[in-house]
Amino acid sequence: MTPPPIWFMRQAGRYLPEYREVRAKAGGFVELCLDPKRAAEVTLQPVRRFDLDAAIIFSDILIVPYALGVPLWFEDGEGPRLQPVRDRESAKRLDGALDRSVTGRVYEAVAAVRASLSGEKTLIGFCGAPWTLATYLIAGRGTEDQAPAKDLMRGDPQLFAEIIERLVDATAEHLAGQLEAGADLVQIFDTWAGSLDADEFARWCVAPTARIVEAVRRARPGARVIVFPRGASAAGIEALVLACGADAVSLDPKADRRRLRAVLGGRCALQGNLDPEALLAGGERLDREIDAVLEDFSGARHIFNLGHGIFKETPIAHVEQMIARVRRSG
Ligand code: CP3
């Protein structure tokens, strides 16, 4: 058996000195995302250093709201800030088209990466799922419990539905744009899927994601899609994969690997799901958890990955240990 392909979420980032160097030159984080040369460079850094099987374009899920005209900035050490959209008046900010002078820079970076990446390596484009984007848009920042978005969902379902609908169209267009520019497949990040109950998950994760995939495949027939419903139940994950016909599903560290493999292994590839805490810890714990992931997915179509983004404090030696162990397997 050959070892599974390997890449990992946030593989370009602050745990790498070469990233920190380019990031410092770019000024801010948004500036780096919108500088095609530098974005292409940091996308390629981890692939060069570790010979990973895939590159994921360096950008951010919040570039879509920004390209719709929502002011976005990052507070150092705190995270993203957006001008909140929480009533009919502020929701008008989402009415315009995606600004091509913004998204075009992402597509330029995609094309530049594709041009210098060898043919065997996969280039991944991405977007945030509408629910996750809505949590940032409505609160104007990241939140522990997504309460502002839930309040609007329950208090003004009509307006909430309009916001989600707008984000469905915009993200589908952005994914198609990345595929057209040279991405081989796309991943839809629903970081906060786990905070929805079963009915809400069906309505605000499954249905919008299925509409996005349908629109992307209408524009780009045969487009391949990975979904990442972080924190969702096994039943929710199954429903999502079946509803949208995902080519792969990315699993978080808590996902029930054996159950999902049994139910979905015949339908799609399974990606994941090493705990980023194990990668941070290193040593025997890391070896043990890598082996458990490999064993639970052996024989299935498996893409080795973390269950969520790498922590910025992670030692590079641990990343090397992980890749060597995965490559020696099989
Ligand atoms: O995976 C990759 O290497 C590709 C690049 C990528 C980034 N963000 C770069 C980034 C991807 C795929 C994302 C997705 C993203 N962005 C998500 C969904 C996935 C997830 O992690 O749950 C979310 C929720 C965001 C929004 C976002 N961007 C937050 C909340 C933050 C702050 C948190 C933090 O780690 O500081 C960011 C910033 C961000 N996006 C960084 C990177 C490398 C760190 C910024 C820096 O360099 O200062």
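Each chain carries its own residue numbering, running from 1 in the direction its sequence is written. A pLDDT threshold of at least 70 governs which residues receive local features in this predicted model, and a stricter bar of 80 or more applies before side-chain atom pairs are shown or counted, although totals over entire chains, interfaces and linings include all residues. Derived side-chain values reflect all non-hydrogen atoms in the structure, with water molecules and hydrogen atoms excluded from consideration.

Caption draft 1: Spotlight on the nonpolar core. In terms of nonpolar packing, the biggest core is built from 124 residues, with Phe 160, Val 249, Leu 274, Phe 304, Val 319 and Met 322 touching the most fellow members. Helix numbering and strand numbering both begin at the N terminus, where a helix is a DSSP run of H or I of at least 4 residues and a strand a DSSP run of E of at least 2. Broken down by element, this core gets its largest block of residues, ten residues, from helix H9 (residues 157-181). Any two residues whose heavy atoms approach within 4.5 Å are treated as being in contact. Excluding residues that lie within four positions of it along the chain, Val 319 makes contacts with Phe 8, Tyr 15, Phe 50, Leu 279, Ile 310 and Thr 314. Definition of nonpolar core: a set of buried residues of the types Ala, Val, Leu, Ile, Met, Phe, Trp, Tyr and Cys, connected through side-chain atoms within 4.5 Å. Each residue is placed in one exposure class: buried if its accessible area under a 1.4 Å probe, protein chains only, is under 20% of its type's maximum, exposed if it is over 50%, and partly exposed if it falls in between.

Caption draft 2: Focus on the site of the ligand. Only heavy atoms are used to decide nearness, and a residue is near a molecule or strand if one of them lies within 4 Å of it. If you check the shell around the ligand, you find 22 residues, and the closest are Arg 10, Arg 14, Tyr 19, Arg 23 and His 308. For this analysis, a polar contact is any N or O atom pair within 3.5 Å, provided that within protein one partner can donate a hydrogen and the other can accept it, and provided that sequence-adjacent residues contribute only side-chain to side-chain pairs. Taking Arg 23, its side chain carries an N or O atom lying 2.6 Å from an oxygen atom of the ligand. In the environment of the ligand, an oxygen atom lies 2.7 Å from a nitrogen or oxygen atom belonging to the side chain of His 308. Residue exposure ignores everything except the shown protein chains as possible cover, and the areas themselves are Shrake-Rupley values with a 1.4 Å probe. For the ligand, whose accessible area on its own is 870 Å², the fraction buried by protein is 88%. Put simply, the parts of the chain that give the shell around the ligand at least two residues each are helix H1 (17-26) and strand E3 (79-82). Classes in brief: Ala, Val, Leu, Ile, Met, Phe, Trp, Tyr, Cys and Pro nonpolar; Asp, Glu, Lys and Arg charged; the others, Gly included, polar. Broken down by class, the residue content of the shell around the ligand amounts to 13 nonpolar, five polar and four charged.

Caption draft 3: Main features of the pattern of salt bridges. By salt bridge we mean one thing: a side-chain nitrogen of Lys or Arg within 4 Å of a carboxyl oxygen of Asp or Glu. Per the stated rule, a full pass over the model turns up 21 salt bridges. In this structure, the salt-bridge partner of Arg 258 is Asp 296, at a minimum N-O distance of 2.7 Å. In this pair, Arg 258 is assigned in helix H12 (residues 257-264) and Asp 296 in helix H14 (residues 283-297), connecting sequence segments 38 residues apart. Classification of Asp 296 as buried rests on a relative accessible area of 12%. Notably, a salt bridge pairs Glu 313 with Lys 312, separated by 3.5 Å at the nearest N-O pair.

Caption draft 4: Here's a closer look at H14. A helix is expected to span 1.5 Å multiplied by its residue count minus one. End to end, H14 covers 22 Å across 15 residues, agreeing with the expected 21 Å (1.5 Å per residue, within 8%). For H14, the set of buried residues is Leu 286, Ile 290, Val 293, Leu 294, Asp 296 and Phe 297. Taken from the residues just after H14, Gly 299 is the one with a positive phi, measuring 90 degrees.

Caption draft 5: Here's a closer look at the environment of Val 249. Within the secondary structure, Val 249 is located in strand E7 (residues 248-250). Note: C-alpha distance between Val 249 and Gly 272 (23 residues apart in sequence) is 8.5 Å. When residues no more than four places from it in sequence are discounted, the contact partners of Val 249 are Ile 226, Val 227, Pro 229, Ile 237, Val 241, Leu 264, Cys 268, Ala 269, Leu 270 and Gln 271.

Caption draft 6: Looking closely at the packing of aromatic side chains. The rule is short: rings of Phe, Tyr and Trp, with Trp giving its six-membered ring, pair when the centres are within 6.5 Å, and they are stacked under 30 degrees, edge-to-face over 60, tilted in between. For the structure shown, the criterion picks out nine aromatic pairs. With a centroid separation of 5.5 Å and an interplanar angle of 80 degrees, the aromatic rings of Phe 126 and Phe 189 are classed as edge-to-face. One end of the pair, Phe 126, is in strand E4 (residues 122-128); the other, Phe 189, is in strand E5 (residues 185-190), and 63 residues separate them in sequence. Residue Phe 126 is classed as buried on the basis of its relative accessible area of 10%. A ring pair is formed by Phe 189 and Phe 228, whose centres lie 5.9 Å apart and whose planes are at 90 degrees; its orientation type is edge-to-face. Taken together, the residues Phe 189 in strand E5 and Phe 228 in strand E6 (residues 225-229) connect sequence positions 39 residues apart. Here Phe 189 and Phe 228 have matching classes, each one buried. Site record: aromatic cluster; members linked through ring pairs are Tyr 19, Phe 29, Phe 58 and Phe 74. The lysine or arginine in question, Arg 230, covers the ring of Trp 192, its NZ or CZ lying 5.2 Å from the ring centre. Whether a charge sits over a ring depends on NZ of Lys or CZ of Arg being within 6 Å of the ring centre and within 35 degrees of the ring normal.

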